[in-house]
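In case you want the letters, here they are:
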Amino acid sequence: MSLAVPRRSFLKISAAALAAAGLGAPQARLGAGEPAAAGAVQTVPTFCDICFWKCGAIASVRDGALWKIEGNPLDPLCRGRLCPRGTGGIGASRDPDRLTRPLLRARVRGGEEWNAVSWDDALGHVAEKMQAIKAKHGPEAVALFSHGIGGTFFKHTLKAFGSPNLAAPSFAQCRGPRDVGFRLTFGDDPGSPERTDIANARCLVLIGSHLGENMHNTQVQEFAQAMAAGCTLIVADPRQSTAAAKAKWWLPVRPGSDTALVLAWMQVLVAEQLYDTAYVAKYGHGFAQFAAAIADKTPEWAGPLTGIQPEVIRETARAMARFRPATLVHPGRHSNWYGSDAQRSRAIALLNALLGSWGRQGGFYQPSAMELPAYPYPAYPKPGKPKADNPGKRHPFAHESITTGIRSATLTGNPYPVKGWLVYATNLLHALPNEAETIQAIQQLDLLAVCDVIPSETAGWADVVLPECTYLERHDELNPELFREPFLALRQPVVPPPDDQKPNWWIARELALKLGLGAWYPWSDIEQYLAKRCELGGYDWERLKRDGIIRGQPQPLYFEQGAPAEFATPSGRIEFWSQQLADKGFAPVPEYEPPQPNPPGSYRVLFGRAPMHSFSRTQTNPLLHEVMPENALWLNAVEARRLGLKSGDRVRLRNQDGVLSDALPVKATERIRPDCVYLVHGFGHTAKGLKRAYRKGASDAQILTRYQTDPLMGGTALGNNFVTLEAV
Ligand SMILES: Nc1nc2c(c(=O)[nH]1)N[C@H]1C(S)=C(S)[C@@H](COP(=O)(O)OP(=O)(O)OC[C@H]3O[C@@H](n4cnc5c(=O)[nH]c(N)nc54)[C@H](O)[C@@H]3O)O[C@H]1N2
Ligand SMILES: Nc1nc2c(c(=O)[nH]1)N[C@H]1C(S)=C(S)[C@@H](COP(=O)(O)OP(=O)(O)OC[C@H]3O[C@@H](n4cnc5c(=O)[nH]c(N)nc54)[C@H](O)[C@@H]3O)O[C@H]1N2
Ligand code: SF4
Ligand SMILES: [Mo]
C-alpha cells in the first residue's frame, strides 16, 4: 500500500477555497520573491502548533532569523507536507500583536488596562491567590482550562496542587458526542488523529465533515489520494462544501435531520439484506432488536424529514453496500450540532458496523503508539471532592470533563464554588457557547490567569496575563502519537523568544515552586526531563533532536492482518442494541429527534472552518491574515435577490435574542440551502490588542447564544440559533 499523494491533487483539494478567492496558497506565496539564501541556513526539526494535529516540520533559519517552515518527510502524519496554515506558521512568531511581558490588571476586569510586571511578581500573585482560594474552599476550587499538548505541565501542576478540575473545549464543544457514540457501539472512539483509513476507502461518506476546509492534514492528503483512485464520494451537507463539490452525490440535507437519513440508510441495508451478515453475526450484539427498531425508518419516512428524495436515499445506501467493507462513513469531528448528538454519532457508528468497516481496510484501522513510560513523579494528592463539572453524573456517559460544567459550578456554586481559573491556550470567549454566561462566571472568580501568545478576548478579562513563547521558540512534551504506525516526535525551539515570553513548562514549573510543589518538579531543565523520558523508553535522545521523529515498527492494521477484534463494551461485542443506554433511561437504538424549526423569516446559522485559519487563533497572524482578512456570509442566491442583496454587500446578523453581530460581506451562492446561512468561525475579534484582526468580519460565537446540552455527555450544541439580516 503506497501512501504517496501526488502533490497536485493535495493542493487541488486543500487550496480549492483559496483558488476560488483568487489567491494562491501561502505555500506558494511565502517563497516567492525571497532572495536566494544570503548567509548561513540552519534547519531544526520540530512539530507544528497552528492546530493540534502536530505535523512534523523542518524550520529554516537564515542569518539568525526564521525563514520558512516545511513538512518533515520522516513524519508519518504529514508525509513531508504542511497545510496552508502550517506553512504560514512562522507568522505567529513575527506577529507584532504578540504579548511581550507579564501583565497585571490595572483597573476593572475586562478593561484591558495593564501594568507590566516581572515574572516573579506575576507568578507570585497567581500563587498567592491560589493559596488563598485553597485555604477557603479547598484546592478543587481552582480549575484549569487548556487545549493542546502545551497544557501538559499546567495539568501536572494543578494535579499536584490537588485539583481534579481540568477541562478542554475539545470534548464538550467538539468531538465528545462522536467519541461517546462510538464508545457505546464499538467500545472505543475514533481517536485523534482519527483512525479513519480514508486513503483506502472506495466509498467515502461525509456527514457535515468538510474535509478540504477542515484542513487536518493527514485526512486531506488521504482524501486527495482516495479521490485520485476513483473513490465514490457521498456528502450530506446543507451547504455545498469543497468536498461536496467533488461528490458523486451531494445531499443538501435539512439541517439537523441527519439521524433520520442515517436510520433510513440502515433500514435499506437491512431490508434489502445488503449489510455484512457474516461480520454482524460474528461481532454483533442485539441485532434482532435493532433491526426491529429501525424496520419502519424507511426512505419514504425520512424523505420529508430530510428533504432528500427516497430514491436517492436508496441509491446511496446501495452504493455504500457495493464497496463494503471499504466504505467509510466518516465519524466527523466537531459533532456538537443539535443536542442529541451522541445518539446521531451512535447511528453513524452503527451504519459503519452494518458495512463491516470497523477494523477493515478502507474503514477504521487499528492504531498503535510507541511505548513511553511515565516520568517517575511522586503520586498526586487525592482530591477531597469529586470533579465539579458533572454533579451526580447527570450526563452518565461523559468520560472527560465538561468545560461548561465547570462554568456552571462557577456561576452557581453548585456542587461547590470554583473560584480560580487558569486558562492555557484556549480562547474561552470564542470557544464556549454564550459569551455572556462566560463573562458572568469570570465575574464570580477570585483569580483569572490566562497564558496565551496574543492578547485574546479571554486574556482581556484576566487578572494576570502570562505571555508564552510560540511553538517555534520552545520545547514541549514528547508526542508518542497513536496512529497508523507508531512514532515519537519532538518539539524544540528554532529561534529564541523575541521578548520576555517564557515556555509553558517553565511557567508551570515556577508556579509549582511558588506553591511549594517542588517535589513534582525534580528536574530543572526541560531537556533534562525529555532526555530522561527517552532513556526510560529506550530511545536515542540525540537522534530525536537531530531528526525530530523516531519511527517504530508498524503493527497489524486490520482484523484480516491480525489486529485484535476486541470490543470494550459490556457485551464484548459491537452493540447494535445497548443495555447501558436502556439502563440509564436512553434509547437503546438511536431515535430521530427533530431540531427546533426556523422561526418565520429567519435563517439557521451554520458555521465551520476555512483552510487558512485555525479557530480564533490565527486571524492576527500576518501571513494568514493576508490570505483571508475577514469571513463572509454564505446566503442562498434566491434569498439574496429577495432581500435585495448581492455579493459584497455588507450585513449584520441579528439573532433570536436580539444580539447584533459586526458587519460582514454577503457571498450570494447557489451552494447553500435557502433556510440557512453559513460563516467561518473565529473572526470578529473584539480584543483591542488584536490590532490586525480587530472587528474584521463577524464572530459566530457572539450570535450563538442558545445551546442545547446533550443529555448523554454534556456537549453543547449550537445548531439552533436563528438570525435575520440587516443591511449596513
Ligand atoms: N483549517 C482548519 N481546519 C480545521 C480546524 C480549523 O480551525 N481550521 N479545526 C479542526 C477542528 S478542532 C475540528 S473539530 C474540525 C471541524 O471540522 P468538521 O468536523 O469537518 O466540522 P463540522 O462542524 O462537523 O462541519 C461543518 C460542516 O457541517 C455542515 N453542517 C452544518 N449543519 C449541518 C447539518 O445539520 N447536517 C450536515 N450533514 N451538515 C451540516 C456545514 O455546512 C459545514 O460544511 O476541523 C478541524 N480542522
Ligand atoms: N462558536 C463556536 N464555538 C466553537 C467552535 C466553533 O466552530 N464555533 N468550535 C469548537 C471546537 S471544534 C473546538 S476544538 C474549540 C477550540 O477552542 P480553542 O482551542 O479555545 O480555540 P481558539 O479559539 O483558537 O483558542 C486558542 C487560544 O490559544 C492561543 N494560543 C495559540 N497558540 C498558543 C501557544 O503557543 N501558547 C499559548 N499559551 N496560547 C496559544 C490563541 O491565541 C487563542 O487565544 O472551540 C469550539 N467552540
Ligand atoms: S494540520 Fe496544518 S496547522 Fe495543523 S499541525 Fe498540521 S500543518 Fe500545522
Ligand atoms: Mo474541534
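Further up the page is the structure itself.
Residues numbered from 1 in each chain as written. Chains lettered and ligands numbered in written order. Predicted model: local features only at pLDDT ≥ 70, side-chain atom pairs only at ≥ 80, totals over all residues. Heavy atoms only, no water.

Novice: Help me out: how do you make sense of the site of ligand 1 in this one?
Specialist: Contacts to ligand 1 come from 32 residues, most closely from Asp 237, Gly 256, Asp 258, Ala 610 and His 613. Within the backbone of Gly 256, an N or O atom sits 2.8 Å from an oxygen atom of ligand 1. One nitrogen or oxygen atom from the side chain of Arg 609 is found 3.1 Å from a nitrogen atom belonging to ligand 1. Partitioned by chemical class, the residues of the shell around ligand 1 number 16 nonpolar, 9 polar and 7 charged. Counting contributing residues, the shell around ligand 1 receives three or more from each of domain 3 (189–364) and domain 4 (603–727). (Near = heavy atom within 4 Å. Polar contact = N/O pair within 3.5 Å; in protein donor to acceptor, adjacent residues only side chain to side chain. Nonpolar A, V, L, I, M, F, W, Y, C, P; charged D, E, K, R; others polar. Domains from an automatic or database assignment.)

Novice: Sorry, what's going on with the packing of aromatic side chains here?
Specialist: Remark: the centre distance and the inter-plane angle together describe each pair of aromatic rings, the angle taken between the planes. Summed over all chains, the structure comprises 29 aromatic pairs. Between Phe 153 and Trp 523, the aromatic rings sit 5.7 Å apart at their centres with planes inclined by 70°, giving edge-to-face as the arrangement. Within this pair, whereas Phe 153 is found in helix 7 (residues 152–161), its partner Trp 523 is found in the loop between helix 20 (504–514) and helix 21 (526–537), the two being separated by 370 residues in sequence. The exposure class assigned to Phe 153 is buried, which follows from its relative accessible area of 2%. Taking the relative accessible area as the measure of exposure, Trp 523 reaches 1% and is therefore buried. Centroid distance Trp 337 to Tyr 338: 6.4 Å. Interplanar angle 85°. Geometry classified as edge-to-face. Its relative accessible area of 19% is what places Trp 337 among the buried residues. Cluster of aromatic residues (ring-pair linked, three or more members): Phe 153, Tyr 375, Tyr 377, Trp 505, Tyr 521, Trp 523 and Tyr 529. (Phe/Tyr/Trp six-rings, centres within 6.5 Å; stacked < 30°, edge-to-face > 60°. Helix = DSSP H or I, 4+ residues; strand = E, 2+ residues; numbered from the N terminus. Buried < 20%, exposed > 50% of the residue type's maximum accessible area, 1.4 Å probe, protein only.)

Novice: Sorry if this is basic, but what is going on with the site of ligand 3 here?
Specialist: Around ligand 3, the neighbouring residues are Cys 48, Ile 50, Cys 51, Trp 53, Lys 54, Cys 55, Leu 82, Cys 83, Arg 85, Gly 86, Met 215 and Asn 217. Taken together, the residues of the shell around ligand 3 break down into 8 nonpolar, 2 polar and 2 charged.

Novice: What exactly am I supposed to notice about unusual backbone geometry here?
Specialist: Glycine aside, residues mostly have negative phi angles, and peptide bonds mostly take the trans form. With an omega dihedral of 0°, the bond running from Ser 192 to Pro 193 counts as a cis peptide bond. Looking at where Pro 193 falls in the secondary structure, it is placed in the loop between helix 8 (169–186) and strand 8 (203–207). The step from Asn 414 to Pro 415 runs through a cis peptide bond, and the omega angle for that step is 5°. Here Pro 415 shows up in the loop between helix 16 (403–412) and strand 13 (420–424). Backbone geometry places Arg 79, a non-glycine residue, at a positive phi of 50°. For Arg 79, the position within the fold is in the loop between strand 3 (65–71) and helix 4 (84–87).

Novice: How do you make sense of the pattern of salt bridges when you look at a structure like this?
Specialist: Opposite charge on two side chains makes pairing possible when the charged atoms of those side chains draw close. All told, the structure shown has 51 salt bridges when counted by the stated rule. Taking the shortest distance from any N to any O, the salt bridge between Glu 527 and Lys 545 comes out at 3.5 Å. Residue Glu 527 is located in helix 21, and its partner Lys 545 is located in helix 22 (residues 541–547); the two are separated by 18 residues in the primary sequence. Arg 706 is the salt-bridge partner of Asp 657, the closest N and O atoms lying 2.9 Å from each other. Placement of the pair is Asp 657 in the loop between strand 22 (650–655) and strand 23 (664–669) and Arg 706 in the loop between helix 26 (700–703) and strand 25 (708–709), with a sequence separation of 49 residues. By relative accessible area, Asp 657 is classed as partly exposed at 40%. Residue class for Arg 706 comes out partly exposed when judged on its relative accessible area of 36%. When salt bridges that share partners are traced, they join Asp 49, Glu 468, Arg 474, Asp 476, Arg 491 and Arg 617 into one network. (Salt bridge = Lys/Arg side-chain N within 4 Å of Asp/Glu carboxyl O.)

Novice: Please clarify how helix 6 (residues 119–137) should be interpreted in this entry.
Specialist: Residues separated by three or four positions in an α-helix point in the same direction, a consequence of the helix having 3.6 residues per turn. End to end, helix 6 covers 27 Å across 19 residues, agreeing with the expected 27 Å (1.5 Å per residue, within 8%). Those residues of helix 6 that are buried lie in contact with strand 6 (142–146), helix 7, strand 13, strand 14 (447–452), strand 15 (464–467) and helix 20. Once helix 6 finishes, Gly 138 follows within two positions and takes phi at roughly 95°, a positive value. (Expected span 1.5 Å × (residues − 1). Contact = heavy atoms within 4.5 Å.)

Novice: It is not clear to me how the pairing of strand 9 (residues 232–236) should be interpreted in this structure. Could you clarify?
Specialist: Sheet faces and side chains relate simply in a regular strand, where the side chains alternate between the two faces. Within strand 9, 5 of the 5 residues are buried, which leaves it mostly tucked inside the rest of the structure. The two faces of strand 9 match: Thr 232, Ile 234 and Ala 236 on one face and Leu 233 and Val 235 on the other face are all buried. The pairing of strand 8 with strand 9 spans 5 bridges and is parallel. When the bridges of strand 9 are listed, Leu 204 appears paired with Leu 233. (Pairing = 2+ DSSP bridges.)

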